[in-house]
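Coordinate analysis (summary)
Here are the chains, one letter per residue:
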Amino acid sequence: MHIESDQHGLAALAENASRRAPVAWLEKLNRFIAVLVEVPAALLVLAEVVVLLMGVTSRYVFHEPLSWSDELASILFLWLAMLGSIVAFQRGEHMRMTAIVGKLDPRRRAFFDLVAIAAAVAFLAFVVHPAYEFAQEEVFVTTPAMGIPNSWRAAALPIGLGLMLLVGLMQIFRFGRIKDALQALGLVAVIVCGLSLLGPVLKPLGNLNLLLFFVVGVLAMVLAGLPIAFAFGLATFGYIALTTNTPTVVIVGRMDEGMSHLILLAVPLFVLLGLLIEMTGIARAMVAFLANLLGHVRGGLSYVLIGAMYLVSGISGSKAADMAAVAPALFPEMRKRGAKPGDLVALLSATGAQTETIPPSLVLITIGSATGVSIAALFTGGLLPGVVVGLTLAALVWWRYRGEDLSGVTKASGRQIAASLWVAIPALALPVIIRAAVVEGVATATEVSTIGIVYAVLTGLLVYRQFDWKRVYPMLVSTAALSGAILFIIGAATGMAWALTQSGFSTALAQFMQSLPGGALTFMAVSVLAFIVLGSVLEGIPAIVLLGPLLFPIARQVGIHEVHYAMVVTLAMGIGLFAPPFGVGYYAACAISGIHPNEGMKPIVGYMVALFLGTVLVAAIPWISIGFL
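Notes on the structure in this doc start here. Treat the numbers as computed from the prediction; the structure is a model and nothing was measured. (Residues numbered from 1 in each chain as written. Predicted model: local features only at pLDDT ≥ 70, side-chain atom pairs only at ≥ 80, totals over all residues. Heavy atoms only, no water.)

Some words on the overall build of the protein chain
Of regular secondary structure, the protein chain possesses 29 helices and zero strands. For the protein chain, the residues scored as buried account for 59% of the 629 residues in total. Within the structure as shown, the protein chain displays about 24,100 Å² of accessible surface, and the carbon and sulfur contribution to it stands at 69%. Charge centroids of the protein chain, computed over 34 positive and 31 negative side chains, lie 10 Å from each other. (Helix = DSSP H or I, 4+ residues; strand = E, 2+ residues; numbered from the N terminus. Buried < 20%, exposed > 50% of the residue type's maximum accessible area, 1.4 Å probe, protein only. Areas by Shrake-Rupley, 256 points an atom, 1.4 Å probe, with all protein chains shown as cover. Lys, Arg positive; Asp, Glu negative; His and termini not counted. Charge placed at Lys NZ, Arg CZ, Asp CG, Glu CD.)

If you want it as structure tokens, here you go:
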């Protein structure tokens, strides 16, 4: 999954004291490129919705499938991914871990941020020419339905990477003083040259290079604040270029393969759907009904938060959108009842982890894409684990709020509850439609996301009468940026996973995991601990793309059902993602709720323990995940 950082990453430099005074021509060029990229990116999101909706309508209404709709959507999708990546890069919204860099003084942090941009620029400079070669080779491939050269699609890679390179160079000199910018570029250049000179020494080391590039190198870059996608990309490029004879164009090919999987078409659509449910009042209607139903009991609004996140997560695939839709509707009243800010943000963060398995989770979609596990099976298996973990959180809420003073709280009447239920029915129907359509095999995840967008728009316009047309364009651009960041990191992680597989690491890992004493039990325990750590450092989606193809076959070999394994590792990653001090999801919850991270550090410990116990329960009882398959 993707969670935006608690600050706008590299863009936060704009507020740093060490930033140089604005240069007029650079600012004008930056605004020009922003318009040049954001407008087509927004139009591509809209075009994807229209094309896929035409395909759905033709298939289910007229019973005449359009042979070209998926093909056209696939072509547009790669362009959307690359343009969205540029928007995310320009806004500083690529996933990165700033827990360590963020503790430095402003001056040093500013320099580390410039080094992060310079490192990203280095990667882009390395791959832009191989991307051009890759696009040239695709001229000889013709698409089956439309009969056009595949280079029309592949051209998105060199153009996107080239524009991103230009944006990166601009950002260095926009955000940093000339001296600092040159020092950052110089430092990266020295490291690159040093590694190049070490090439003849590295080659004879064999698989020891895997440790140097993919463990030491990636960990150092991630902890230094480099965007995770570029850390993966640099490690993969360095390994391929310096220690093997494989042409670097292969890296671009693997990135293209990772970003172009048809299942991933659902990613931008569910992201857009998540933004729509907040704007159209759908999320608010759900929360109002649950608040009337449970608001009068001790800890009632905390139960409402757990339930609302479960319901809203059944519509949106983005946890940031889920939290942004629920928290503003509940937190003011919870504060009035005496809830401490730290406990609020701790519970919000915990519910983000709890609902990671709720379809249409982007993590589950990524698992299906990376490992070949059925999306319908994953969507079916994800419902009950979310309930089980939610119950462990609810038990802790009951204990913490057992003495809450409710003297000033009025219980909603039966008529008020019925009225709020009547208003919420159109909202409550949407997650049911989404889950039922995919689980029953009526529609694919991509098709049902398109249907969900239409449903949300019509519900906002006709039922709740809430649809701010002025917010549509910013929402489309935000969808492109978030989708681009997710897809770019999937592409980079796919390249890295391919390099690990080709090196023989996957075979060695399988042999090691199978040799562990205790069989399936030990393998599951090691996986839980490993994915908690990976969730903290790498977030969920890159960890899945990187290790999913390696670990899921091992899970099958030791007798663990792939859907059961998927639920356990997804919950484990959620714990890492939302647990401080490294989990970026926790800081996203703090930013959304406007609460300082320090306030939630103590109360979140109990919720993390509850999440871990719930995960252990799901791991110990396979039926929770596979009982309804």
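Description of empty space enclosed by the protein
Going through the model one piece at a time under the given rule, you end up with three cavities of 30 Å³ or more. As a volume, the largest cavity reaches approximately 70 Å³. Taken together, Gly-299, Gly-300, Leu-301, Ser-302, Met-334, Arg-337, Ala-339, Tyr-401 and Glu-404 form the lining of the largest cavity. In terms of residue count, helix H13 (residues 300-313) provides more of the lining of the largest cavity than any other element does, three residues in total. Class assignment for the residues of the lining of the largest cavity results in four nonpolar, three polar and two charged. (1 Å grid on protein atoms, 1.4 Å probe; cavity = no way out; pocket = protein on both sides within 12 Å on 5 of 7 lines; lining within 4 Å. Points joined across faces, edges and corners; volume = space filled by probe spheres on them. Nonpolar A, V, L, I, M, F, W, Y, C, P; charged D, E, K, R; others polar.)

So, the environment of Phe-578
Within the fold, Phe-578 resides in helix H25 (residues 562-578). For Phe-578, a relative accessible area of 0% translates into the label buried.

A look at the pattern of salt bridges
Summed over all chains, the structure comprises 13 salt bridges. One salt bridge connects Glu-38 with Arg-91, and the closest N-O pair in it is separated by 3.8 Å. In this pair, Glu-38 sits in helix H1 (residues 24-60) while Arg-91 sits in helix H2 (residues 69-91), placing the two residues 53 residues apart along the sequence. The salt bridge partner of Glu-447 is Arg-59, with a shortest N-O separation of 2.6 Å. Here Glu-447 is found in helix H20 (residues 445-463), whereas its partner Arg-59 is found in helix H1, with 388 residues between them in sequence. Residues joined in a network through salt bridges with shared partners are Arg-96, Arg-109 and Asp-113. (Salt bridge = Lys/Arg side-chain N within 4 Å of Asp/Glu carboxyl O.)

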